[in-house]
Amino acid sequence: MAEQRSKSVKPTNAKPSGAAANPYLINLDNFSKRLKMLYSHWNKHHTNLWGASTAVAIATPPLSDDLRYLKSSALNIWLVGYEFPETIMVFLKKQIHFLCSQRKASLLDAVKKSAREAVGVEVVLHVKAKSDSGSELMDSIFNAVYTQSKSGGPDVPVVGHISRETPEGKLLEMWDEKLKNEKFELSDVSNGFSDLFAIKDETEVDCVKKAAFLTSSVMRQFVVPKLEKVIDEEKKVSHSSLMNDTEKAILEPARIKVNLRADNVDICYPPIFQSGGDFDLKPNASSNEKDLYYDSTSVILCAIGSRYRSYCSNIARTFLIDANPTQSKAYEVLLKGQEAAIGALKSGNRMSAVYQAALLVVEKDAPELAANLTKTAGTGIGLEFRESGLSLNAKNDRVLKPGMVFNVSLGFQNLQSETNNPKTRKFSLLLADTVLVGEKVPNVLTSKSSKAVKDVAYSFNEDEEEEENVKVKSDGKGVENTFSKATLRSDNHEMSKEELRRQHQAELARQKNEETARRLAGGGHVAADNRGAARTIGDLIAYKNVNDLPPPRELMIQVDQKNEAILLPIHGSMIPFHVATVKSVSSQQDSNRTSYIRIIFNVPGTPFTPHDANSLKFQGSIYLKEVSFRSKDSRHIIEVVQQIKTLRRQVTSRESERAERATLVTQEKLQLAAAKFKPIKLLDLWIRPPFGGRGRKLTGSLEAHTNGFRYSTSRPDERVDVMYGNIKHAFFQPAEREMVTLVHFHLHNHIMVGNKKTKDVQFYIEVMDVVQTLGGGKRSAYDPDEIEEEQRERDRKNKINMDFQNFVNRVNDLWGQNQFKALDLEFDQPLRELGFHGVPHKASAFIVPTSSCLVELIETPFVVITLSEIEIVNLERVGLGQKNFDMTIVFKDFKRDVLRIDSIPSTSLDGIKEWLNTTDLKYYESRLNLNWRPILKTITDDPEKFIEDGGWEFLNMEVSDSESDKSEESDQGYVPSDVNSESASDEENDDSESLVESEDDEDDDSDEDSEEDEGKTWEELEREASYADREKGNDSDSEEERKRRKIKAFGKTRAPEKRNPSGSLHKRAKFR
């Protein structure tokens, strides 16, 4: 590292002209442009920022192994592209003096002409020999300053310098001493340079962006995986070791697949790792030698800064391990505060407003944390890590301008957590990002590394608990006809889990009834009728006047394709009828080879005819209902019938498409990505719904542009634009057990795909070709060709899944930019482990939940249900002996029909109930299917009575069962056997002690059992035992015993379906 830092800074735009040529070349265009900026700024702010100086003297110290940021070095790099150590520059109104070595002078000789043309100044080079002290050269520079003063300047020359920089080396010490001994008035010009460097030009912004990209890539692709691996494998790694590894990753960008030259990058400071209660949020903090601490409720801070061609960037992230509520709340408040600070970085705002925005969030959401908030929200960043005068504190009233770059750093210092562990009792939080001030909105350059709670909060206790539960349950397997303590604990655990679920559902029922009452009192959701006004018969005009009629050839039926009319010979005249008035046309032939054609028209008032406004508009009119013609020419009759049907089909299709397009919401126009920005693209995709037409179907490409997607094929008319603002949900489903990998968009408003109106658009690739083996024989599992073919299929599937995953990740990064944050878009991935089979329409399908929806994206029509739009879920036909049940989803919009998913296997019931409970959806159970249309109509007709009667509680089967039991205590009527068996099994479940009673206790209760079971046959008792075992999920019986009972109870030989051995829901896979 010392060797790396000791080198002079590399040029920002240097290009060697040959192998033997000097590799250091000054970019003269940049030099001229920035020299103009320097003199213009000096003249414009001569008094307030440059201290009324008539000369500016800058001395650059020798190279050092230490990381340091000096304005003198920054000026060198900004002006000529290099750091010139041991060099003195003096800027006068008409001259620029350089005191340097011969090698530097030869390099600076190239700027003489550019300086003269740019600002009309002469460059004077004072070459210092190695044996020369430089004293005489300094005197000649001072004489030039005096000469300028005598020719119109002040009596005492005012020389600006950087007062905070201590002179280093003999040359600079001598310069400093002679400067102070001269009759000059010295003035500090640090503020002038700070303001000059504050606004970055395009070249500087590009360097900062590349530095920020490197910084965020190291955090995302190296630091986070490294920490996850250390914690997962429980390794002991010191903070300093992590620091060294991260530093190497920055200095070698190729290690993390970042295409930047290693010669152009460096660190801003040694990476900082802190944990175990020792936290320091100061920029000069360091990583100690202690091991990384990652026990429960621990906090890990990580800060990284990297430079590209000397331009700095910074990022800091906090990682929470099994966070408690105090830590979680503090982080959420800090994240919200930092986002507010970033949002306030707008052109025209004062810098103090940035800190005030963060402070207001903290004072509103967690006032007790305001005292622990850092006193600044960050500083300006560029050639210096901390640019003086650009601090984002409460007192800085400087105005923000486009092109400024800030390190927005916010944290909480020394917070207290209620834990017994001294290493986690005190903690700190820190977030930092590099942000560019834009014309309208700020641009977070380090947004590639996520700071969302879901991406920085890790939970490991849940995994341990699940492992323990699995172990406990597995202990009870393999034991026949006995009950161990492990099995009993497992049963108690399940009972408590069910009890917790019931309590949560009771609370949800109360909240749901209150929410429904408020909504119905406010008028409820009224579904808008989006159907456009249909065109009436009177609107369809074939000919505007008689002269437009084609000249009659013969009194024969004619079909005018151009005007969409049929001309019929009636009473010696050709009478036109628009083809849309035809309801049906048919032909037949009798035994005498005479053909008949029969045409039936749409007439108002007849059954199965849609309502037509003409029936009111022309009430006194007479309509032709039917007409028949006879002909000897059967060929002509068949041809006419075919022409009428074809024309009628074309007109109907066109009018239907026109009516659908009339109801479409106008979409914004797609803005194509600029030529220099290559759009994100997926190739060789199919689309659903497919384009119309009878031609050969073609694959197309999907491209992500500035404000939307475009799918297009090689045909110019096959194109679909999907705007980002119209996307309600986006899904990515890789091929696992399916034959396709797909991305799916569920939209807010309908769009047209070809001539189809749809709210769902899907783009997919078939990962596997459907092939049929000729001969039909089975091939050996060890057949080399078969193995090779399977391997090719796996490779193809993995490649397609990876291409889609890369596309989705890049689009997610695009949607993470500030201009799309209001849309709240992110690709969601279905959670297969929570899926279940069912029949949502006509065919069985595999229905899968996501984080915000319930979807089925393979079979058409697709199913996409937004969870936030669901009022309640009713599980119907739930009861003993049922192999499957139905799910009815009631929406908050009561005008909308309920959605039924039929024939769900009963083995999925517990998983579905657990999923509904964890997503805060209220569900009910019933033994019968309900007719929902009259139920919803009753609710909307009299919402007050619905609320008074207890809201949705009429669906509560437990309440209705208890009331029916009370009313039927005195009844002597017939009671079905399944009710008896259910009540008996409930009593057995409630009395858990009966599971572990001894044989002696069973003898004591034999009298009661005999009285209770009096009159029951062995077959009835066997059936009840089978019901009870299936309800309890008893695993202690042997497989043969369960099969025997199953056969005897149901008379079938098919074994029951296997359940998930863990009995619990799988964890949701983390999707990035």
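Attention shifts here to the environment of I162. Inspection of the secondary structure puts I162 in the loop between β5 (158-161) and α7 (169-181). By relative accessible area, which is 10% here, I162 ends up buried. The spacing of I162 and D188 is 26 residues in sequence and 5.4 Å in space, taken between C-alpha atoms. Discounting chain neighbours no more than four positions away, the residues touching I162 are I58, K71, S72, D188, S190 and F193.

This part covers the sheet that holds strand β38 (residues 923-925). Strands belonging to one sheet form pairs held by backbone hydrogen bonds; the direction of such a pair is parallel or antiparallel. In space, the four strands of this open sheet follow the order β37-β36-β35-β38, with mixed pairing throughout. Each having just a single partner strand, β37 (899-905) and β38 make up the two edges of the open sheet. Direction aside, the axes of adjacent strands within the sheet are offset by 20° on average.

What follows concerns the pairing of strand β24 (residues 700-704). Most of β24 sits inside the fold, with five of its five residues counted as buried. Neither face of β24 is exposed, since G700, L702 and A704 on one face and S701 and E703 on the opposite face are all buried. Two strands pair when backbone bridges link them, and β24 and strand β25 (residues 708-712) are joined in this way by four bridges, in the antiparallel orientation. By the bridge assignment for β25, A704 is matched with F709. Linking β24 to β25, which pair antiparallel, is a turn of three residues.

Residues R688 and P689 are joined by a peptide bond in cis, for which omega reads -5°. Considering the arrangement of structural elements, one finds P689 in the loop between β23 (680-688) and β24. Note the cis peptide between T860 and P861, where omega equals -5°. Here P861 lies in the loop between β33 (853-856) and β34 (863-866).

Further remarks concern the sheet that holds strand β2 (residues 87-91). Pairing within the open sheet is mixed, and its six strands lie in the order β4-β3-β2-β1-β5-β6. Only two strands of the sheet have a single neighbouring strand rather than two, namely β4 (122-127) and β6 (185-188). Pairwise comparison of adjacent strand axes, ignoring direction, gives a mean angle of 20° for this sheet. Relative to strand β3 (residues 95-100), β2 runs antiparallel, the two sharing four bridges. When the sheet's bridge partners are listed, M89 is paired in β3 with F98. With respect to the sheet, helix α3 (residues 71-80) is in contact with β1 (55-60) and β2, its orientation differing from that of β1 by roughly 100°.

Looking now at the environment of A366. Relative to the helices and strands, A366 resides in the loop between α12 (351-365) and β11 (378-380). Apart from the residues within four sequence positions on either side, A366 is in contact with K329, V333 and V361.

So, about the pattern of salt bridges. Counted according to the given criterion, the structure contains 45 salt bridges. Across the salt bridge formed by R792 and E788, the nearest N and O atoms sit 3.1 Å from each other. Of the two residues, R792 and E788 both sit in helix α19 (residues 784-815), four residues apart, roughly one turn of that helix. R792 gets classed as partly exposed once you look at its relative accessible area, which sits at 44%. By relative accessible area, E788 is classed as partly exposed at 44%. Salt bridges here are not isolated pairs; linked through shared partners, they connect E876, R877, D886, R900 and D902.

A few words now on the packing of aromatic side chains. Counting across every chain of the model gives 26 aromatic pairs. Each ring, one from Y711 and one from F763, has its centre 5.1 Å from the other, and the planes form 35°; the classification is tilted. Placement of Y711 in strand β25 and of F763 in strand β29 (residues 756-766) is noted, with a sequence separation of 52 residues between them. For the pair shown, Y711 and F763 are each scored as buried. By way of ring pairs, the aromatic residues F691, F709, Y711, Y724, F745, F763, F807, W815, F820 and F827 are connected into one cluster. In this structure, R896 packs its charged tip against the face of F891, placed 3.6 Å from the ring centre. A cation over an aromatic ring shows up here: K922 above the ring of Y924, its NZ or CZ 4.5 Å from the ring centre.

Attention now goes to the packing of helix α11 (residues 325-343) against α12. α12 packs onto α11 with a crossing angle of 150° between their chain directions and a minimal axis gap of 7 Å. Compared by their axis directions, α11 and α12 come out roughly antiparallel. When the axes of α11 and α12 are compared, the crossing they make is right-handed. Where α11 approaches α12, its residues K329, V333, K336, G337, A340 and A341 are matched on the opposing element by V354, A357, A358, V361, V362 and D365. Its residues placed into classes, the contact of α11 with α12 shows eight nonpolar, one polar and three charged.

Counting 129 residues, the largest nonpolar core has L35, F91, F193, F406 and L429 as its most contacted members. Top element by residues in this core is helix α9 (residues 202-232). It accounts for 14 residues. In this structure, I680, F807, L814 and F820 belong to the second largest nonpolar core, which totals 35 residues.

With that settled, the discussion passes to the packing of helix α2 (residues 28-44) against helix α5 (residues 112-119). Angle between the axes and distance between the axes are the two parameters that describe a pair of packed helices. Viewed as axis vectors pointing N to C, α2 and α5 meet at an angle of 45°, and their least axial separation amounts to 9 Å. Taken together, the axes of α2 and α5 are oblique relative to one another. The hand of the α2/α5 crossing is right-handed. Residues L28, F31, S32, L35, K36 and Y39 of α2 lie in contact with α5, whose contacting residues are S114, A115, A118 and V119. The residue inventory of the contact of α2 with α5, partitioned by class, reads seven nonpolar, two polar and one charged.

So, on to the side chain of Q558. Considering the arrangement of structural elements, one finds Q558 in strand β17 (residues 558-560). Q558 has contacts with R553, A565, I566, L567 and M574, leaving out every residue within four places of it along the chain.

Let us now look at α2. Along its 17 residues, α2 runs 24 Å from first to last C-alpha, staying within 8% of the 24 Å computed at 1.5 Å per residue. Listing the buried residues of α2 in full gives N30, F31, S32, R34, L35, L38, Y39, H41 and W42. At the N-terminal boundary of α2, the capping side chain belongs to N27, with an oxygen 3.2 Å from the backbone nitrogen of D29.

With 13 residues, α7 ought to run about 18 Å at 1.5 Å a step, and its terminal C-alpha atoms sit 18 Å apart, in line with that. Residues of α7 that are buried: L171, L172, W175, D176, K178 and L179. At its buried positions, α7 is contacted by β1, β2, β3, α6 (135-150), β5 and β6.

This paragraph deals with the side chain of Q327. With respect to the secondary-structure elements, Q327 resides in helix α11. Given the relative accessible area of 0%, Q327 is considered buried.

Criteria and thresholds
- Residues numbered from 1 in each chain as written.
- Predicted model: local features only at pLDDT ≥ 70, side-chain atom pairs only at ≥ 80, totals over all residues.
- Heavy atoms only, no water.
- Helix = DSSP H or I, 4+ residues; strand = E, 2+ residues; numbered from the N terminus.
- Buried < 20%, exposed > 50% of the residue type's maximum accessible area, 1.4 Å probe, protein only.
- Contact = heavy atoms within 4.5 Å.
- Pairing = 2+ DSSP bridges.
- Axes fitted to C-alpha atoms, helices over the stretch in contact; angles between N-to-C directions.
- Salt bridge = Lys/Arg side-chain N within 4 Å of Asp/Glu carboxyl O.
- Phe/Tyr/Trp six-rings, centres within 6.5 Å; stacked < 30°, edge-to-face > 60°.
- Lys NZ or Arg CZ within 6 Å of the ring centre and 35° of its normal.
- Parallel < 35°, antiparallel > 145°, perpendicular 65-115°, else oblique.
- Left-handed = near helix turned anticlockwise from the far one by under 90°.
- Nonpolar A, V, L, I, M, F, W, Y, C, P; charged D, E, K, R; others polar.
- Core = buried A, V, L, I, M, F, W, Y, C linked by side-chain atoms within 4.5 Å.
- Expected span 1.5 Å × (residues − 1).
- Polar contact = N/O pair within 3.5 Å; in protein donor to acceptor, adjacent residues only side chain to side chain.

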